[in-house]
Amino acid sequence: QVQLVESGGGLVQAGGSLRLSCAASGSIFRFNAMGWYRQAPGKQRELVALILNGGSTNYADSVKGRFTISRDNAENTVYLQMNSLKPEDTGVYYCNANLILPPESAWGRGTQVIVWP
């Protein structure tokens, strides 16, 4: 199974930017979708952004216009550019790879993002 490793999290002031990376141990081209999820303290994990194999993207309403997801199949890496960060963006950000057939879903261990006012 593919291994995913997130990086790029940290502490940033509101209004600042961070770029998260998700490096895969193998090819990500075969996955139908790659996504970024986040989990804030005391809350359920939620979808932040999704990029399909064809390149189309979907975003949570709360991040539209501020976050951009991209993928580099040659480097087996998925990115999340986060701009105009808000304190409510604080959480652990997880990378996910999802294949429909045969069913396969992999998660990274997460990277912490803290946005202070």
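What this report covers is the structure whose coordinates are included nearby. Here the structure is a predicted model, which means the values were calculated and not measured.

Thresholds applied
Residues numbered from 1 in each chain as written. Predicted model: local features only at pLDDT ≥ 70, side-chain atom pairs only at ≥ 80, totals over all residues. Heavy atoms only, no water. Pairing = 2+ DSSP bridges. Helix = DSSP H or I, 4+ residues; strand = E, 2+ residues; numbered from the N terminus. Axes fitted to C-alpha atoms, helices over the stretch in contact; angles between N-to-C directions. Contact = heavy atoms within 4.5 Å.

## Some remarks on the sheet that holds strand E8 (residues 77-82)
The strand order across the open sheet formed by four strands is E1-E3-E8-E7, and the pairing between neighbours is antiparallel. Each of the sheet's edge strands pairs with one partner strand only, and the pair in question is strand E1 (4-7) and strand E7 (67-72). Neighbour-to-neighbour, the strand axes of the sheet open up by a mean angle of 15°, direction not taken into account. Relative to E8, E7 is paired through six bridges, and the arrangement is antiparallel. Paired with Arg71 across the strands is Val78, a residue of E8.

## As for the side chain of Ser21
On the secondary structure map, Ser21 appears in strand E3 (residues 18-24). With near-sequence residues (within four places) excluded, Ser21 lies in contact with Val5, Glu6, Ser7, Trp36, Thr77, Val78 and Tyr79.

## Regarding the pairing of strand E5 (residues 46-52)
Bridge count between strand E4 (residues 33-39) and E5: six bridges; the pairing is antiparallel. In the strand pairing of E5, Trp36 is matched with Ala49. The hairpin formed by E4 and E5 contains six residues between the paired strands, and Gly42 there has a positive phi angle of roughly 75°. Turn length for the E5-strand E6 (residues 57-59) hairpin, with the two strands adjacent in sequence and antiparallel, is four residues, and the turn residue Gly55 shows positive phi of about 105°.

Take it as geometry only, folks, not as evidence of what the structure does.
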